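Remarks on the overall topology
So the chains spell out like this:
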Amino acid sequence: MTEQLSFGIGEPKPDILASLAPEQRAAVEHRGRPLLIVAGAGTGKTHVLTARIVHLIASGAARPHEILALTFTEKAAAQMQERIDLNTPLGQNDVAIRTFNAFGDEVLREFALELGRSGELRVLSPAEQVIFIREHLFELPLRRYRPAGDPLQHVRALLDLFARARDEDIAPEQYLAHVAGLEAGASGSTDAAADERDAQRELANTYASYTALKERHGVIDFGDQVALALRLFRERPAAAGRLSRRYRHVLVDEFQDTNTAQWRLIELLVAHHRELTVVGDDDQSIFAWRGATLSNFAAFTAAYPDAAIMTLVENRRSGQPLLDAAYRLIGHNPDRLEDTLGIDKHLRGRTEADGEGVVHLSFAGAAEEAETVAERIAQQAVREQRQFGEFAVLVRYNADASRILSALSSRKVPTHFSGGGQLYERPEIRLLVSFLSCVAAPSDSRHLYYLATSTLYGFPPADLARITEAQARRQRPLRDLFDEGAHGEAAGLGATALAAARALVTDLEHFQGRAAELSTAELLYEFLDRSKLLGRYLDPNSSLAEDQGRNVARFFRLVQSAGRALPIDRAAYFVPYLELLREAGDDPAAADFESSLNAVNVLSIHKAKGLEFAVVYLVAATQERLPGQYRGPELTLPEGLQDEGGSGRDRHVAEERRLAYVAVTRAKASFYFTSASDYGGQRAYRPSQFIGEALGRSPDRVPARSSAYDELQRFQVSPPEADAALPALGADDVLTLSYSQVEDYQSCPLRYRFAHVLRIPVLPDPRQIYGLALHQAVGEHLSRRRDGDEPGLDDVQATFRAAWLSEGFISPQHERERFDAGLAALRLFHAGEAGKKRPDLVEQRFAFMLGRDRVVGRWDRVDREKDGAVVVDYKSTFVEPDSDRPQRSANQSLQLRLYALAHERSYGQRPVRAVLHFLETGARGEIAPKDADISAVVAVVSSTAAKIRRREFSATPSPRACGRCPFERICPRSFNARNSAG
């Protein structure tokens, strides 16, 4: 067995340690006691964490599945997984990399019985929590916090309070006991104190009732995913022991962002072995509003007084003048780790100056600020020969982005904006929402107006103005007047208006007839099909088209998720539910932020954390916005139950200063604070105090001047967004591919783009539901057998039942037929496993490199036989057991050959056999992989990857490919669409 086989023939094993600075290497190689790594901005903390994981595996200190890495976002987890895949020898990359919520969710589902819960728990989003409270408001023991005039007034504040309690690891029982203690010692207290105790008693009782309500209805929220896992560790020592033995090494990224409950979960998880590494930076703690607490650093050193503490200060991102300014700024914060731990956190960067360092630009008005920043970026890009993607404009609040976006667009400079939310406000989503609203509520004139004026129907503005005036005068819904126009009963409409009215009314009548038969997602799919809207998002080289397509896909996922929560999934129920979600504050993000190479990146400071740009502007950096006014929570936990330390205002200013520090340290060459004296209103705005702290002198200030131009600029219509070409992947960029992605691309490149670039969800498919339920049941059974258990037939069928979804079937009879077929297949499978050797690998993840292409996947099963490894892939499709089809399928299977290649690259050994096992009949087809098989699959994967890298996504329609494509109905390039168009 040779290690280089893990990375491809002729490719040497990467040495991740060789790229480390001495201070980084010391942290990576540390052994023997808990480790705290204080990693400053730009010092490569993620690289160090990844290298530590790789080193643990490569040195033999840990097996991959014994390592658990915890972080905060799925994106960060995916990036860490990719780095491990690129650097881990022999396919040993089965490290558990999870967000805290995902880890808690896994624990809950695995140990649901120990907690007295069902394994199928629905997780409520924040907005769904509000709706849940509204539905059960009068079941809660509320009095003062349910005012008769507005019973819903305090719902959001109550949920925020309960979330803080869970983040602080305060269970309802603790809250109630604390209030009881306050009441027991209340003799001789003031009326105000008595009133406060009465309020806290009501809040504690409501917290307990809300928790009980969720349990009774089988729902949880995000905070419960950690809180219930923590409860398991405390109340079920056997389960806790299993998890502690399973994960013998635990690493935590972004430790400064952990809350109290998360820290206590970590502490219990490593109690038996103390193999814990945490990486963080107190100066980059900017998420106190979601429970993060810096006190966890003190908790760590108190729990592990023998812990090693290592500091990373070598910054490879920025010039020294910029880092010196950042250090001056953050030095104004009290109680930093630099002081409490006695360490040096002054970052050391590049000494050569290739930028202006930190500069303050002051303006009289907001319009001048926006125009100047946009003009400077346009000129700098040319003068400094930089791509637009090397520039970032940061904002404290999303509202401040609109002026910058408009100024850049007017100069034809492409932009990419990412704040918090905005999905519902995107034009492509407003169109879909308006369509659903017009179908569900025909008298809703607002949405009908938007739909009529959209480019889809193009009703002439002048005619629409006359119709709208008539609507107001006659007090009739706008729909009635469109009906009249469509039937030629409205006078004065031109030919274009009549045609648009007929098209609009015809479509709405059609979809209203279909709305009672189709789920909301199915109705939207049919709308996309009939309107050919998807054709707008097909340009593979357009940044705008790509973002719009991804937004539509995200809205579809939201629709499908909501459909499962509704009593009846129809548009008539979905539209009011969507209105409730929006009233409750639901504001999903538009397309995920990926820093663009060809567009100026405009984003919030929070979104910029972890990113870097050559030139950064922080606009509207005024005292009124940064730090801004402190607004404490509407409802607070009682004193003594939570020790926050310091005044609320002081904590607020310290966090905002850390936010400014994060902004400054995003820049490689130049960072600009910009501020104006006039943003509207009666009083002049002041430059942020943080500007002076960073510069070491008082900032300049241009006095406001009365300007009609500035006033009118606030109401200007934004120019159209400038588009930018999407670049092809570079030779050094890593492209990740799975077998299903290769198969989709081979079938049709446009299908690949729909599924894996735009990520448009597909409607529930009976074959998919059936196959997933079968695979989950088989996988669970084999996993338990691998671990020494012998589950019975009832167990494997119970897993199948729990995984079954009653969606997408033609009829109840069709569903029953497939369900019974699944139970029969599992009986056959269970009988065939009796007395069989236990599997060696089950649902085992693999990843290997072909050049710069990363191939990922999972083996259903691998057995180690005397003559070598046998890879088995289970199939849910039906084949006649006595026909030659099982063997023909195996002979033609690219998947089997890819899985054989994966085993060879991962373990240095080619499988002796690769098998297709058809579950319904037990039929099998197998191959003995040869050199030609391996060469063929390498050629297919490499050629497919090369085309994807070049963004070649042209459709290749055919009756066979389109007939099997889940996007056939909505694809404007499908075989049927092209024939009907002809």
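Residues numbered from 1 in each chain as written. Predicted model: local features only at pLDDT ≥ 70, side-chain atom pairs only at ≥ 80, totals over all residues. Heavy atoms only, no water.

Concerning the overall build of the protein chain
Tallying secondary structure elements over the protein chain gives 39 helices and 22 strands in all. Against the 2.2 N^0.38 benchmark of 30 Å for 982 residues, the protein chain shows a C-alpha radius of gyration of 30 Å, consistent with a compact globule. The C-alpha extent of the protein chain, read off along each of the three principal axes, is 90 × 85 × 70 Å. Here the protein chain holds 982 residues, and 54% of them are scored as buried. Nonlocal contacts in the protein chain, meaning residues at least 24 apart in sequence, comprise 78% of its contacts between residues at least 6 apart. On the protein chain, roughly 42100 Å² of surface is accessible, and the fraction owed to carbon and sulfur atoms is 50%. Treating the 122 positive side-chain charges of the protein chain as one cloud and the 134 negative ones as another, the clouds have centres 2 Å apart. (Helix = DSSP H or I, 4+ residues; strand = E, 2+ residues; numbered from the N terminus. Rg over C-alpha atoms; globule rule 2.2 N^0.38 Å. Buried < 20%, exposed > 50% of the residue type's maximum accessible area, 1.4 Å probe, protein only. Contact = heavy atoms within 4.5 Å. Areas by Shrake-Rupley, 256 points an atom, 1.4 Å probe, with all protein chains shown as cover. Lys, Arg positive; Asp, Glu negative; His and termini not counted. Charge placed at Lys NZ, Arg CZ, Asp CG, Glu CD.)

With respect to the packing of aromatic side chains
The tally for this structure, following the rule as stated, stands at 31 aromatic pairs. Note on F255 and F300: the rings are 6.2 Å apart at their centroids and 70° apart in plane angle, and the pair reads as edge-to-face. Of the two residues, F255 is situated in the loop between β6 (249–252) and α11 (260–269) and F300 in helix α12 (residues 295–303); the sequence distance between them amounts to 45 residues. Both residues of the pair, F255 and F300, belong to the buried class. Positioned over the ring face of Y679 is R625, at 4.5 Å from the centre of the ring. (Phe/Tyr/Trp six-rings, centres within 6.5 Å; stacked < 30°, edge-to-face > 60°. Lys NZ or Arg CZ within 6 Å of the ring centre and 35° of its normal.)

Observations concerning the confidence of the model for the protein chain
Summing up the model confidence of the protein chain, the mean pLDDT is 86 and the portion of residues at 70 or higher is 91%. Low confidence marks residues 1–12, where pLDDT is under 50. Its contacts with residues over four positions away, or in another chain, come to 32 contacts. (pLDDT = per-residue confidence, 0-100.)

Digging into the pairing of β6
Judged by which residues are buried, β6 turns out to be covered on both faces: H249 and L251 on one side and V250 and V252 on the other are all buried. As judged from the three bridges shared by β6 and strand β7 (residues 276–280), these two strands associate in the parallel manner. When the bridges of β7 are listed, L251 appears paired with T277. For the crossover from β6 across α11 to β7, the handedness is right-handed. (Pairing = 2+ DSSP bridges. Right-handed = clockwise from strand over helix to strand, strands pointing away.)

Side note on the nonpolar core
One finds Y175, F482, F555 and F574 to be the most contacted residues of the largest nonpolar core, which totals 95 residues. With eight residues, helix α17 (residues 427–440) is the single largest residue contributor to this core. Apart from the residues within four sequence positions on either side, F555 is in contact with L423, Y424, I429, L432, V433, L436, L524 and F574. (Core = buried A, V, L, I, M, F, W, Y, C linked by side-chain atoms within 4.5 Å.)

Topic: the pattern of salt bridges
Evaluated as defined, the whole model comprises 73 salt bridges. For R913, the salt bridge is made with D867, and the minimal N-O distance between the two is 3.1 Å. With a gap of 46 residues between them, R913 in strand β21 (residues 913–918) and D867 in the loop between β19 (853–865) and β20 (868–875) connect regions that are remote in the sequence. Residue R913 is classed as partly exposed on the basis of its relative accessible area, which comes to 23%. Counted as one network, the salt bridges with shared partners bring together R785, E790, E833, K836, R838, R861 and D863. (Salt bridge = Lys/Arg side-chain N within 4 Å of Asp/Glu carboxyl O.)

Brief notes about the sheet that holds β7
Across the sheet, which stays open at both edges, the six strands sit in the order β3-β2-β6-β7-β1-β8 with parallel pairing between neighbours. A strand with exactly one partner marks an edge of an open sheet, and here the two such strands are β3 (96–99) and β8 (308–312). Ignoring strand direction, the axes of neighbouring strands in this sheet form an average angle of 15°. Sitting on the sheet, helix α1 (residues 22–29) touches β1 (35–39) and β8, and the angle it makes with β8 is about 150°. (Axes fitted to C-alpha atoms, helices over the stretch in contact; angles between N-to-C directions.)

What about unusual backbone geometry?
Both trends apply: most residues other than glycine have a negative phi, and most peptide bonds are in trans. For the bond running from L626 to P627, omega is 20°, close enough to zero to count as cis. On the secondary structure map, P627 appears in helix α26 (residues 624–628). One non-glycine residue with positive phi stands out, namely K532, at about 60°. Summarising the element assignment, K532 is placed in the loop between α22 (520–531) and α23 (543–565). Since its relative accessible area comes to 39%, K532 is described here as partly exposed.

Points about the environment of Q629
Relative to the helices and strands, Q629 is located in the loop between α26 and α27 (648–664). Judged by its relative accessible area of 57%, Q629 falls in the exposed class. Once the C-alpha coordinates of Q629 and L140 are considered, the two residues, 489 residues apart in sequence, prove to be 34 Å apart. If we ignore the near neighbours within four places in the chain, the residues touching Q629 are E624, R649 and H652.

Quick notes on the pairing of strand β2 (residues 67–71)
When you tally the buried positions in β2, you get five out of five residues, the bulk of the element. Burial of the side chains of β2 extends over both faces: I67, A69 and T71 are buried on one face and L68 and L70 on the other. Both β2 and β6 contribute to a ladder of four bridges, which runs parallel. In the strand pairing of β6, I67 is matched with H249.

Let's talk about the packing of α17 against α22
At a minimum axis distance of 11 Å, the contact between α17 and α22 shows a crossing angle of 115°. Classified by the angle their axes make, α17 and α22 are roughly perpendicular. Between α17 and α22 lies a crossing of right-handed hand. Every residue of α22 that contacts α17 at L432, F435, L436 and V439 is listed here: T520, L523, L524, F527 and L528. The residue inventory of the contact of α17 with α22, partitioned by class, reads eight nonpolar, one polar and no charged. (Parallel < 35°, antiparallel > 145°, perpendicular 65-115°, else oblique. Left-handed = near helix turned anticlockwise from the far one by under 90°. Nonpolar A, V, L, I, M, F, W, Y, C, P; charged D, E, K, R; others polar.)

Side note on the side chain of R666
Inspection of the secondary structure assignment puts R666 in the loop between α27 and β16 (667–678). Buried charged residue R666 carries no salt bridge. Nearest counter-charge: E612, at 6.8 Å. Reaching out from R666, the side chain makes a polar contact with the side chain of Q284 at a distance of 3.3 Å. With residues near it in sequence (within four places) discarded, R666 still touches A41, Q284, R317, L394, A608, K609, G610, L611, E612, F613 and V616. (Polar contact = N/O pair within 3.5 Å; in protein donor to acceptor, adjacent residues only side chain to side chain.)

Brief notes about the side chain of T71
Within the secondary structure layout, T71 lies in strand β2. By relative accessible area, which is 1% here, T71 ends up buried. Excluding residues that lie within four positions of it along the chain, T71 makes contacts with A76, A77, R98, T99, F100 and D253.

What to know about the environment of I53
Inspection of the secondary structure puts I53 in helix α2 (residues 45–58). Residue classification places I53 among the buried residues on the basis of a relative accessible area of 0%. As for I53 and R383, which are separated by 330 residues in sequence, their C-alpha atoms are 43 Å apart. Those residues in contact with I53 that lie beyond four places of it in its chain are I67, A69, M80, I84, V95 and L251.

A short note on the environment of E880
Secondary-structure assignment places E880 in the loop between β20 and α35 (885–892). Note: C-alpha distance between E880 and A584 (296 residues apart in sequence) is 54 Å.

Comments concerning the packing of helix α36 (residues 894–907) against helix α37 (residues 931–949)
Their axes nearest at 9 Å, the elements α36 and α37 cross at an angle of 100°. Comparing the axis directions of α36 and α37 gives the class roughly perpendicular. In this structure, α36 uses L894, R897, L898, A900, L901 and E904 to contact α37, whose residues at the interface are D933, I934, V937, V938, V940 and V941. When the residues that make up the contact of α36 with α37 are grouped by side-chain class, the tally is nine nonpolar, no polar and three charged.

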